[in-house]
Structure formats: structure tokens, C-alpha cells
Amino acid sequence: MSNSNENTSRRDLFRNVALAAVLGGLDVEAAQHVHTTAAAEKATTGAYKAKLLNAHEYQTMQKLADLILPADEHSKGALDAGAVEFIDLLCSQNPELASIYTGGISWMDRAMEKRYGKDFVSASAEQRTALLDLIAYRKNDSPELGPGIVFFDWARKMVVDAFYTSAIGVKDVGYMGNKGASEFKVSQEAIDYVVKRSGL
Amino acid sequence: MQINRGGPVYDVVVIGSGAGGGTTVKVLTDLGVSVALIEAGPMLNPAKDFKEHMWPSQLKERGAGAGGATYFGKGPAFGPFLAPNGYWDIEGEPYTVAPGNEFRWFRSRILGGRTNHYGRISLRFADYDFAPYSRDGLGTDWPVTYDEISPYYDKAEAFIGVTGTKEGIRSAPDGIFQTPPPPRVHEVLIKKSCDKLKIPCIPTRLAIITKPLNGRAACHYCGQCGRGCVTASNYSSSQVQIFPAMKSGKLTIFPNSMARELITNGSGKVTAVSYIDKDTRTERQIKCRTVVLAASACESARLLLNSKGPGYSNGLANSSGVVGRYLTDSTGYGLSGYVPALEGRGRYDDDGFGGMHMYIPWWEWDKKNKTFPRGYHVEMGGGYSMPNVGSFHGTCRSHEGYGKSLKDAIRNGYGNTVGLSGRGEMIPNENTFCEIDPTVVDKFGIPVLRFHFKWTDYEFKQVRHMHENFTNIIEGMGGRVLGLRNPERESSGISVGGTIIHEIGTVRMGNDPKTSALNKYCQAHDVKNVFVADAGPFVSNPDKNPTLTICAMAWRTSEYLAEELRKGNV
């Protein structure tokens, strides 16, 4: 989970501390806290080893995460944002969540095998999206697809959470805060733009 | 159990370190009074305990909690980033709710209590709020008037620092204000929509400083007040009142100490406070000349009800039988809307205060023939906030699907939703109170509270009024209400009792000892050296968040107490 954006965040943290120190509101312990935080951030680097999902399940989640939020012209995708690591880590801490994923992956493989004689990973790209086009929508709910729809809902929201809490996702939506400033300024241009559009 | 009865006699023992306890400690130590402060939780260390400026990605679980607790409605209250503040459930310290009732009790166990995280909304009660019965025949008048409390609002505001502007609105009295920050873009739209509806929408009144004050730095606009502020630029009793008071040499703090009972030794006065030292599960006592209860309205009531002796088998300071009665919480109702006018406005740092920059005070205070008594104020949210676990679940639900279209929908919809939250006045009713559960004790052996809580038609009708007006405000700016456009039932969407965390009224004040527990200085009618400095004394629960009034009342009570000590009257 380390990349240049998070190094930026660390810089911001230090800058905030510098700012606060100048303003006279910060003590040595607070500064120490920032150092500790930065150290903890560094410790999160390194290759990830799956903790709960087996190799096949992990590979399936990688395919699925990449389909849910792929790389596009704006940003990289869920894989680069650590979505599968996030899901595997939480599953390793919670048997209830783990069974949602192992059960859901197994359900998808069975559904693919029934249709195409192949599991989700081995199937073609078209075959994969054909299944997702069914289970990604509540309107397709049926005794046959119900478990898949429930599972996909879990996978989608957790992949989305992992992506948008990563530095890649933060940049994708364009959140520009968590910086601190000596003054809060509002863009008059933005105000004029929205007021005009609102008709108020 | 070993009981340690040694130690010095303190002028005042204060129980609880939130807004009431913190203010009491500050005022009394400034006046040279020796104070022992008992706190049921640990000391606070902002440098270590606050997660200000951290990104979700800096937490192993990104803020979802171990095992994805937040997906299952578990984990720390209000998420993992918030200042250590308290809990909806405390292991080994239960409370019970009577069958057929719903109530949730948020309790804090740390120095500073709920002020470490609270919304910092700082609203004066209006003049008419102190005389509700005289106005509409419901509830009871306070034994004090606005004019008596106003100087203490001045002191509290000047000391803790509150933003605002002079508006001359009767429902929202002006005070001693620091300059508020300008409205955010979506707040400008909300104000314009309100203007059209003739609903006032005015600059925010929050306990956040925009200019340095008493050695505290001005706000640095990171939007994370709820996480606790390392520069103490917002009010918390821990950082703003108690830490400075520790330097006075007049304050002794007993952390991890759970008050159990007030001891009178048959003297008619409290001579000591019995507490459990949580680290050793040993009972100890602190000797005192006077005691100030500031443990939160319900904990203070519990402590009085659990203090029984010959002549007061009903609980201490409770010859009237009102202790635990007249419990209320604020009503809560929220509605959000998607506002297309906000689409494509470009990105900017929208953090600002950790809270709204504008708010809506009650506007129908002089309207006759309303369908419900009293009123509410409106808080607002929106803008470009830090993406967190759960931030885009709404888009996942509404857009569904996957792939590039989902990514586009999230990017294009980000920051275009606004939320309005009503916080209104509940009328005390006979079905809403707390009492000692006759069969359950906590892990320290202290009998626990049992809650009874019912909303009435007054509150349901008020919430319907909120729904209609919030819909008008959202639609007036071209927005689309998310959720039900026309809820079928009047009660749809009203908060569960207790969940707005404005519980008050359980040790109410009044001039008549037969119908109140405390006199107009929050001094017990029955026991002259017992005072209450939290929201327990409040006679009504006006449509203003209680913290500022807790500070003002505690300030006044503390000055009175110091004077009575000096005169030898207590």
C-alpha cells in the first residue's frame, strides 16, 4: 500500500505539524506521534501474502476486483489499490465475512461451470461479464441468482471502499483536503457556476 | 472488599470531566478552591489518542475495523477515526430498557468525555425557552430566566471560543462571537433555497476558534474536529479547561474511578464519595466538603438513586421523587438530496470546519396554531469530504453495475449530495424516565439504570414538519430527495430515543422542593452540599444542543458554590 501519494500524505502530516508548531499549539509528544505514524506507514510496504483465501480464491477475487473497478484513462484500478489484500485481510479476521467470500466465489464457479463448463477464472472475458451482467443488478433477483446477487453486492462495496480509501482512489475522485490551511477560502467561480445552474 | 478511607479532605469533589465537570474544575481552581476530579475512564493523551490528519489507508483495515466490523454495524462508535469518546455498549457496564421501549445510552469513559468528539454546536437557549409552560401550557418553567444566565453564556463563549454573527433572531440569541468561516459552495445554495422559502439560514455557531485564544492556535481547517484536535482549536473540556487547571496546583485527578455512592454518615451532608478504582477493583473513598455531580444527566441520576440511607431510602436528594423523571432527548430526523446543480463545479479543498459553516435556527417561534408545540433547528452536511469506508455505498446501491460506468458514476456524483438534519424539542412525558433496575448490577456491583422512553404525537408531528421543509429546501435548489418523498407514517424516520445524545432533565431544578431536586443554583434542596453541573438540572430540552448551556450553568453554579464555601454555608 505504499506509493508516491502516500509519501505526499506523510509530507502533509509533517507540514501540518510544522504549521501547528509555529502557531504554538503542539508539543513534543504530538510531533513524536507523527513520527510513529510515518514509521507505521513505512512498515506496510512489501509483498502481500494471502491470509485466508486460497490461491484459486485469491485469483478469482483479483479477476472480479479488476472487473468491478478497472483502470481507465483517469486512474489505475482496484488491483493496484490493494482491494484484494483488503478483502483477504478482513476475511482472515472474521469467519462470518470469510464465508461470504469463500461461499460466494464457490457459487460463482458453480454458476460458470453450469453455463460454460469452466470456472470464473478459466472462462473467457465475455463469459465472465455475462454472469456479472446478471448478478450486478437487484432486478435479476431469483432463487437461482439470489446468492450471486448478494455476494456481488458485498464484493462491489468492499472493492469500492478499498479503491477510494487508497491514494489512487482519493486522487481519482479529486479530494483535495486533509492539508490544513491558515484560512478557509471558497471559490467564487464555483459559487457563480452552481447558482446559475440551480436557477436560484 | 478493602475500603481505603484515608486521605485529605477536598473542598469539592467533581464527578465527571465533560463539559460540566471541566467548566466546574476551571472556575473553581481559578478561584483557588481545591478540587478532586473523579473520571470513570483513563486520562487523555491527545498526541497519542487523536487520529487527526490520518488517511484511511494508514490504518490496516482502512477504517473498516477489525474483521470489517463497520459492515456489520459494529466497531467503535462513529468510526475508527473519532476521538476516544465513549460507547453505545460498555463491556461489563450494562443498562436495561423496559419491555416495549426503545432507548440507547451513549456513555463516555475518558478525560473530557463527549467533548473530545462532539459536534461543537454552541447555541444559546432563547429567552422563551426558560418559560415554556408560560407560553404553551406544556412542561414546566425554569427557576431562572435568560437574563440571569446570559452573563454566563458570555463568560463561557468568551473563554471556549464560539463563532457566529449578530443576527437579532429571537430563537437564536446573539453572543460573544469569533468570526465564522465563509459558507461552502453547497451551503450557499442551501441558503439561497432557504431565502426563497423565507427560512433563516445563518453563519455557524461552533466552538471552534478562528483567532488564537488563551494560547490555543486558530483552526487550521482540516475538517476533522470529531477526531480530536491536536492544536486544541476547538473546545474540549480536557484540553481547554482541565489540562490548564492541572497547572494550578489545586486539582487532583482520579482517573479510572467509577463513582459508586455518596456517603453521608448520617450527617445530612455528603462527607465522602465512594468509588471503585477500576485498575484494582478496590473500593475507595474521597472525603469532601461539597460534591458536584457532572457525570452526565443519567449517570448523575443513577448515582443519587444508588445513594440510599436512613431517611432517604428513595435515593439522595430525592424527597421529591423526581430524580430520573423528565428524561428527554432531542428529536432527530435527516433527509438528503442529490443536487445536479453541483455537478461539474470543479474540485477544491472543502474541509473547513469539522462541521457546517451555516445553520438554520427555528423560524416559527411566534407562529400561532402550529400542529405541534415548540420547534427545531437544522444542521447541514455536504461537499467534498475525505473518502472513507462507506462513502460510496449509496452510489453502489443506486447505480449498481460495475466497471468503468460505476467508476464514472462515483467520480461524477462525488460531493453533490447534501444532507439536512433536524434537532427538535421533545416535551417531557410520564412514560419517559430512568430508574434503578431492581435485578441487574454492573461488574462493579453497582445497580444499573433501566430506561423507559416514548415519543408522543408532538414529536411525530414535528418530524413530519421537518420532512416537508427539508423536501422544500432540497427541491428548491433543483435537488432530488433521496429516500421517501412522502413517508406514509407520521413517525417514519424519527430517531431512536437517546441516539441524538442530548439526554437531559433527570435531576431537575425548580423553586419548589416538592417538584424539583435542585434549587435555582443547581444545589440539592435536601442536601446543601450536593450540586449538579451536567444537563440533569435542565427543566426542558429546547431545540438547541445542550453543551453551551451546560458550560454556562456549570460556570454559574461553580461561582455560587465557591462563594458559599467562602461564607461557610456548605
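Remember, it's a predicted structure, so these values are computed and weren't measured experimentally.

Thresholds applied
Residues numbered from 1 in each chain as written. Chains lettered and ligands numbered in written order. Predicted model: local features only at pLDDT ≥ 70, side-chain atom pairs only at ≥ 80, totals over all residues. Helix = DSSP H or I, 4+ residues; strand = E, 2+ residues; numbered from the N terminus. Buried ≥ 20, exposed ≤ 12 C-beta atoms within 10 Å, placed from the backbone. Contact = placed C-beta atoms within 7 Å. Core = buried A, V, L, I, M, F, W, Y, C linked by C-beta atoms within 7 Å. Pairing = 2+ DSSP bridges. Arc of directions from axis to C-beta. pLDDT = per-residue confidence, 0-100. Nonpolar A, V, L, I, M, F, W, Y, C, P; charged D, E, K, R; others polar. Axes fitted to C-alpha atoms, helices over the stretch in contact; angles between N-to-C directions. Parallel < 35°, antiparallel > 145°, perpendicular 65-115°, else oblique. Left-handed = near helix turned anticlockwise from the far one by under 90°. Expected span 1.5 Å × (residues − 1).

**Focus: the overall build of chain A**
Regarding its fold elements, chain A presents nine helices and zero strands. Helices (α) and strands (β) of chain A occur, in sequence order from the N terminus, as α-α-α-α-α-α-α-α-α. Classification of the 200 residues of chain A by burial places 40% in the buried group. Put simply, 60% of the contacts in chain A that link residues at least 6 apart link residues at least 24 apart.

**Thoughts on the nonpolar core**
Of all hydrophobic cores here, the largest spans 110 residues; its most connected members are Val12, Val13, Ile15, Val35, Val273 and Val291 of chain B. Of all the elements, helix α11 (residues 547–567) of chain B adds the most residues to this core, at eight residues.

**Examining the sheet that holds strand β15 (residues 447–452) of chain B**
All names here are of chain B. Within the open sheet, the three strands sit side by side as β4-β15-β14. Their pairing is mixed. Two strands close off the open sheet at either side, each with one partner strand: β4 (96–97) and β14 (433–441). In the sheet, β14 pairs with β15 via five bridges, with the strands oriented antiparallel. Within β15, the residue paired with Val441 across the bridge is Pro447.

**What about helix α9 (residues 188–198) of chain A?**
Residues and elements named next belong to chain A. Ala190, Ile191 and Val194 are the residues of α9 that are buried. With its buried residues spanning 100° around the axis, α9 presents them on a single face. Exposed residues on α9 whose side chains face more than 90 degrees from its buried face are Gln188, Glu189 and Lys196. Once α9 finishes, Gly199 follows within two positions and takes phi at roughly 75°, a positive value.

**So, the confidence of the model for chain A**
In the predicted model, chain A carries a mean pLDDT of 84, and the fraction of residues at 70 or more is 77%. Per-residue pLDDT stays below 50 along residues 1–43 of chain A; that stretch engages in 59 contacts with residues further than four places along the chain or on separate chains.

**A word on the pairing of strand β13 (residues 417–424) of chain B**
Residue and element names in this part refer to chain B. For β13, a buried count of seven out of eight residues is recorded, marking the element as mostly surrounded by other parts of the structure. By the bridge criterion, eight bridges tie strand β10 (residues 331–338) to β13 in an arrangement that is antiparallel. When the bridges of β13 are listed, Tyr338 appears paired with Thr417. Pairing of strand β12 (residues 376–382) with β13, which is carried by seven bridges, proceeds in the antiparallel orientation. Bridge pairing links Gly381 to Gly419 in β13.

**Things to note about unusual backbone geometry**
Most of the time, phi is negative for any residue but glycine, and the peptide bond is trans. Residue and element names in this part refer to chain B. Positive phi, close to 65°, is recorded for Arg120, a residue that is not glycine. Even without glycine at this site, Ile501 takes up a positive phi of about 60°. Mapped onto the fold, Ile501 is located in the loop between β16 (480–482) and β17 (530–532).

**Concerning the interface of chain B and chain A**
Between chain B and chain A, the contact holds 69 residues from the first and 67 residues from the second. Within the residue set of the side of chain B that touches chain A, elements represented by two or more residues are α2 (46–49), α5 (185–197), α8 (393–399) and α9 (404–413) of chain B. For the side of chain B that touches chain A, the leading source of residues is α5 of chain B, giving six residues. In terms of residue class, the side of chain B that touches chain A is built from 32 nonpolar, 20 polar and 17 charged.

**A few points about the sheet that holds β12 of chain B**
All names here are of chain B. The sheet built from four strands is open, its strands ordered β12-β13-β10-β16 with antiparallel pairing. If you trace the sheet from one side to the other, it starts and ends with β12 and β16, each paired once. Mean inter-strand twist for the sheet, computed between neighbouring axes without regard to direction, equals 30°.

**Here's the deal with the packing of helix α4 (residues 83–93) of chain A against helix α7 (residues 146–164) of chain A**
Residue and element names in this part refer to chain A. As a packed pair, α4 and α7 sit with axes 8 Å apart at the nearest point and diverge in direction by 120°. Between α4 and α7, the interaxial angle falls into the category oblique. Our pair here, α4 against α7, has a crossing hand that is right-handed. Taken together, the residues of α7 that come into contact with α4 (itself represented by Ala83, Phe86 and Ile87) are Met158, Val159, Ala162 and Phe163. Broken down by class, the residue content of the contact of α4 with α7 amounts to seven nonpolar, no polar and no charged.

**Considerations on helix α3 (residues 55–68) of chain A**
Here α3 of chain A contains 14 residues, and its C-alpha end-to-end distance of 20 Å stays within 8% of the 20 Å for a straight helix at 1.5 Å per residue. Considering only its buried residues, α3 of chain A is in contact with α4, α5 (95–116), α6 (125–135) and α7 of chain A together with α9 of chain B.

**Points about the environment of Ser330 of chain B**
Residues and elements named next belong to chain B. For Ser330, the location among the structural elements is in the loop between α7 (297–305) and β10. Classification of Ser330 by C-beta neighbours within 10 Å gives buried; the count is 26. Residues Ser330 and Ile504, spaced 174 residues apart in sequence, show a C-alpha to C-alpha distance of 9.1 Å. Non-local contacts of Ser330, meaning those with residues more than four positions away in its chain, are made with Arg423, Gly424, Met426, Ile500, His502 and Asn541.

**Let's talk about the environment of Phe243 of chain B**
Residues and elements named next belong to chain B. Of note, Phe243 is situated in helix α6 (residues 237–246). Overall, Phe243 belongs to the partly exposed group, with 19 C-beta atoms counted inside 10 Å. A sequence separation of 132 residues divides Phe243 from Leu111, and the C-alpha atoms of the two residues are 9.9 Å apart.

**Focus on the confidence of the model for chain B**
Caution is warranted with low-pLDDT regions, since their predicted coordinates should not be read in detail. With 99% of its residues at a pLDDT of 70 or more, chain B shows a mean pLDDT of 95. Interface confidence for the predicted complex, given as ipTM, is 0.91, next to a pTM of 0.92.

**Observations concerning the environment of Leu342 of chain B**
Looking at where Leu342 of chain B falls in the secondary structure, it is placed in the loop between β10 and β11 (358–359). Residue Leu342 of chain B is classed as buried on the basis of its C-beta count, with 27 C-beta atoms lying within 10 Å. Each C-alpha atom, one on Leu342 of chain B and one on His186 of chain B, is 7.3 Å from the other, the two residues being 156 residues apart in sequence. Apart from residues lying up to four places away in sequence, Leu342 of chain B is in contact with Val194 of chain A together with His186, Gly415 and Asn416 of chain B.

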